[in-house]
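The chain contents come next:
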Amino acid sequence: MLQKAKKTALELIQKYKHAWVLLYVLIYFPWFRYLETHVTTQFNVIHMKIDDYIPFIEYFIVPYLLWFGYVAYAVLYFFFKNKNDYYKLCTFLITGMTIFLIVSTLYPNGQHLRPQSFAHDNIFVTLVQWVYETDTPTNLFPSIHVYNSLGVHFAIMNSECFRKNKPVRITSFVLMTSIILATMFLKQHSVFDVITAFLLAIVMYSFVYGKGFAFSRQKSFEDLAHHI
């Protein structure tokens, strides 16, 4: 019985050894938490004139919060269904998130776009207030909400898993677009943060989904995994 359980465990470890990539969260979250607690008042203000013309619309809190499920589901889906797509998506996300952390560390930044009062009193406003309380208006660019949304949509559009699944591709596009708009309509980000996220995503897209992608056959990741 014990021998069988051991064999099963070893088979699972072998089958899902690519889970080691997810250990990145042990780097990202502590680093991000450090920035959130230390970059509070002394920072470079991010602002563009166009920000002042964008209205606050609390209903966008729905797609904004759906972002967490959107990204998590995509990573887990490819983790179980397509290892190559999983490596590509993780490369895209991890690279951008690391660049974001470095930028925020070297150039502390924040914004003063959030409204001081709200015209309505509803569940959507309550959710926005909760986000404001838990997420400081600092460490903004490139916007990870925008960048990761683009990354997930790119992964879906380039995956053979969804090549013929038009409803999923359309749904992903609508959700991605809604999330990007939400970052501005909720006054969570300046247009500048969105632009820089797009620029970084374009560069990373050419690297990850171009013909010269270094990990297109999983080799580099798997070679590294053998040494862990």
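Look a little higher up for the structure.
Residues numbered from 1 in each chain as written. Predicted model: local features only at pLDDT ≥ 70, side-chain atom pairs only at ≥ 80, totals over all residues. Heavy atoms only, no water.

1. Some points on the packing of helix α4 (residues 83–106) against helix α8 (residues 191–208)
Moving on, step 1. The interhelical angle for the contact between α4 and α8, taken along N-to-C directions, is 145°, at an axis separation of 10 Å. Of the two elements, α4 crosses α8, and the hand of that crossing is right-handed. Residues K88, T91, F92, T95, G96 and I99 of α4 form the contact with α8, whose own contacting residues are L200, A201, M204, Y205, F207 and V208.
Moving on, step 2. Looking at side-chain class alone, the contact of α4 with α8 contains eight nonpolar, three polar and one charged residues. (Axes fitted to C-alpha atoms, helices over the stretch in contact; angles between N-to-C directions. Helix = DSSP H or I, 4+ residues; strand = E, 2+ residues; numbered from the N terminus. Left-handed = near helix turned anticlockwise from the far one by under 90°. Contact = heavy atoms within 4.5 Å. Nonpolar A, V, L, I, M, F, W, Y, C, P; charged D, E, K, R; others polar.)

2. Some words on a nonpolar patch on the surface
Moving on, step 1. Together, L23, V25, L26 and F29 make up an exposed nonpolar region whose accessible area comes to about 420 Å².
Moving on, step 2. For V25, the location among the structural elements is in helix α2 (residues 25–38).
Moving on, step 3. On the basis of relative accessibility, which here comes to 40%, the residue V25 falls in the partly exposed class. (Patch = residues over 30% accessible without salt bridge, like charges linked within 9 Å, V, L, I, M, F, W, Y side chains within 5 Å. Areas by Shrake-Rupley, 256 points an atom, 1.4 Å probe, with all protein chains shown as cover. Salt bridge = Lys/Arg side-chain N within 4 Å of Asp/Glu carboxyl O. Buried < 20%, exposed > 50% of the residue type's maximum accessible area, 1.4 Å probe, protein only.)

3. What to know about the pattern of salt bridges
Moving on, step 1. Considering all chains together, one arrives at one salt bridge under this definition.
Moving on, step 2. The closest approach of N and O atoms between R163 and E160, which form a salt bridge, is 3.1 Å.
Moving on, step 3. A residue is classified by how much of its surface remains accessible, and E160, at 57% relative accessible area, is exposed.

4. A word on the packing of aromatic side chains
Moving on, step 1. Considering all chains together, one arrives at 22 aromatic pairs under this definition.
Moving on, step 2. Where Y28 meets F29, the ring centres are 5.5 Å apart and the plane angle is 80°; that geometry is what we call edge-to-face.
Moving on, step 3. A relative accessible area of 8% means that Y28 is categorised as buried.
Moving on, step 4. Ring geometry for Y77 and F78: centres 5.5 Å apart, planes at 85°, overall edge-to-face. Take Y77 and F78: they sit in the same class, and that class is buried. (Phe/Tyr/Trp six-rings, centres within 6.5 Å; stacked < 30°, edge-to-face > 60°.)

Take it as geometry only, folks, not as evidence of what the structure does.
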